[in-house]
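A structural walkthrough
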Amino acid sequence: MQTFPAALPLGGKTVVVTGAGPMAEAKLRLFLTSPARLKWLAGDGASPPGFAGRVESPPHAPEAADFAGAALVFIAEADPSARRQQARWARAAGALVNLVDEPEGSDFQTPALVDRDEVVVAIATGGAAPVLSVDLRAAIERLLPPRIGRLAALAREMRSTVKRVLGDFEARRAFWERVLRGPARDLALAGDQEGARRAFLDTLNRPEAPREGVVHLIGAGPGDPELLTLRAARLLREADVIVHDRLVSPEVLDLARRDARRINVGKQRNHHPVPQEAIEALLVEEAQKGQRVVRLKGGDPFIFGRGGEEVAALRAAGIRVEVTPGISAALAAAASSQIPLTHRGLASSVTLASGVGRRGGPTPELRALVEGTGALYMSVDAAPRIQAQLLALGRDGATPVALVEHASRDQERTIYCTLASLASTVDSEAVTGPAIIFLGEAVTQGAAYAPAPAQAIQREAQRA
Ligand code: SAH
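The structure presented is a predicted model; accordingly, all values stated were derived computationally and were not measured.

What counts, and where the lines are drawn
- Residues numbered from 1 in each chain as written.
- Predicted model: local features only at pLDDT ≥ 70, side-chain atom pairs only at ≥ 80, totals over all residues.
- Heavy atoms only, no water.
- Pairing = 2+ DSSP bridges.
- Helix = DSSP H or I, 4+ residues; strand = E, 2+ residues; numbered from the N terminus.
- Axes fitted to C-alpha atoms, helices over the stretch in contact; angles between N-to-C directions.
- Contact = heavy atoms within 4.5 Å.
- Expected span 1.5 Å × (residues − 1).
- Buried < 20%, exposed > 50% of the residue type's maximum accessible area, 1.4 Å probe, protein only.
- Patch = residues over 30% accessible without salt bridge, like charges linked within 9 Å, V, L, I, M, F, W, Y side chains within 5 Å.
- Areas by Shrake-Rupley, 256 points an atom, 1.4 Å probe, with all protein chains shown as cover.
- Salt bridge = Lys/Arg side-chain N within 4 Å of Asp/Glu carboxyl O.

Focus on the sheet that holds strand β8 (residues 214-219)
Taking strand neighbours across the sheet as the criterion, the five strands line up as β10-β9-β11-β8-β12 in an open arrangement whose pairing is parallel. In the strand order of this sheet, the two ends are held by β10 (261-264) and β12 (320-324), each with one partner. Adjacent strand axes in the sheet meet at a mean angle of 20 degrees, parallel and antiparallel pairs treated alike. Sheet topology places strand β9 (residues 241-244) next to strand β11 (residues 292-297); four bridges connect them, and they run parallel. Each residue of the ladder has a partner; that of His244, found in β11, is Leu296. The strands touched by helix α8 (residues 230-238) within the sheet are β8, β9, β11 and β12, with β11 carrying the most contacts at an inclination of about 135 degrees.

What follows is the structure, given as structure tokens:
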């Protein structure tokens, strides 16, 4: 170990920053939300913009007395001899000194920080490679739940109560392991501090109760793991059991713990290996064993994902269930083909629709697609019928259409046609992967949009 990142409690401490400019402001900003008293010595008595009321700023040139009682001093003063002088005054007052941009002359270096209030992670590279610590910091930011500090605050608040209730050291340790990995943690990280407190006390009062299971219904997005939410990625890492669909990509599943159990209940088109009721029973059963279950669905669980049914089944069984949204296929397809779903002057509504109803028949909601932008799911096989129905309902045969297949995946492609040539295009282009059909004037804004030749449109329209 070349450096030691000691953690200094800041309550009641004074932090001093000298000098003007962005370096000084950056140091002040670091401490803005801390309980430390902040002093800025720049000589003009002004507060840097955005710091008014938080920072004391004497209206005279820095002098020895300004450093009295300081714990940490950052010297961002530019003038070399003034820097030396200030460092001497600061050390004489008993402070640790950081000469900004001069690691050799400093008592300590400023680590890269991931700041979650009660929880702080410091990354120190001994000043050797600041860029390295910035990148590491970004990686840790992604890993660390934003509300982890709230969980730590709850633990601090409860510490003495726990000590009173559980006299034995081993019992306390076992309790902390249990409570900080159980429902109290989930609720705190989800922002429900009251619920977290209740769950905490419940765990404390019923030490013998079996571990409570939970099901997280999670949207896995369209396939590219970068399109997962941070929360989805975290819950995936924490899962004991993962129940997933066919549409969930292997790259997303790779984010799970290696020892997590994976169960594929994927449905193929026209082929249902695991019936819906069996999936629901499986979720209930695993949660009742006290497992952290992740039910992972392509796109968003509440858009053609039967998420509503699963939530209802779990609620009915008294299982705790939480839902994390995902990027639905239509949104991913819109982004990658650069087709805006609403566009001033072209489309002021968007309808997410399925081209097939229950038992494979037409959906009555197709009527909603005579205006605005339509985004059709599960509709490639039904293209001939959808085309005929929409033309019959009065949508123009020349309406621009885009088919986006395998959105966000390597094999992705976008094919443009018109409503009148939709069915023949599905045929001639052999669209067999999962695809979204967009229809409406907004499609003309797509990155590679090329209008279909007018003649072809007419011919197709006559045939339809
Ligand atoms: N819950 C999912 C939709 C499941 S229904 C979501 O929100 O995206 C399955 C349909 O989603 C497919 O028939 C196809 O229309 C669409 N789909 C899923 N993944 C897709 C992808 N990567 N590219 C294009 N369409 C996709």
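Description of the sheet that holds strand β16 (residues 413-418)
If you walk across this open sheet you meet the five strands as β13-β14-β17-β15-β16, and the pairing is mixed. Of all strands in the sheet, those with a lone pairing partner are β13 (350-354) and β16, marking the two edges. This sheet shows a mean twist of 20 degrees between the axes of neighbouring strands, independent of strand direction. Where β13 and strand β14 (residues 373-377) come together, five bridges link them in parallel fashion. Across the sheet, the residue bridging to Leu352 is Ala375, located in β14. Docked against the sheet, helix α12 (residues 329-337) engages β13, β14, β15 (400-405), β16 and β17 (435-439), running at close to 70 degrees with respect to β17.

Things to note about helix α7 (residues 193-205)
With 13 residues, α7 extends 18 Å from end C-alpha to end C-alpha; this agrees with the ideal 18 Å at 1.5 Å per step. Among all positions of α7, only Gly195, Ala196, Ala199, Phe200, Thr203 and Leu204 are buried. Where the residues of α7 are buried, they touch α4 (148-165), α5 (169-179) and α6 (183-189).

A look at a nonpolar patch on the surface
Together, Phe304, Val350, Leu352 and Met378 line one region of the surface with nonpolar side chains, adding up to about 340 Å² of accessible area. Checked against the element boundaries, Leu352 lands in strand β13.

Some points on the environment of Leu187
Checked against the element boundaries, Leu187 lands in helix α6. A relative accessible area of 17% means that Leu187 is categorised as buried. The sequence separation of Leu187 and Leu151 amounts to 36 residues, and the corresponding C-alpha distance is 9.0 Å. Ignoring any residue separated from it by four or fewer positions in sequence, one finds Leu187 in contact with Asp192, Gly195, Ala196, Ala199 and Glu322.

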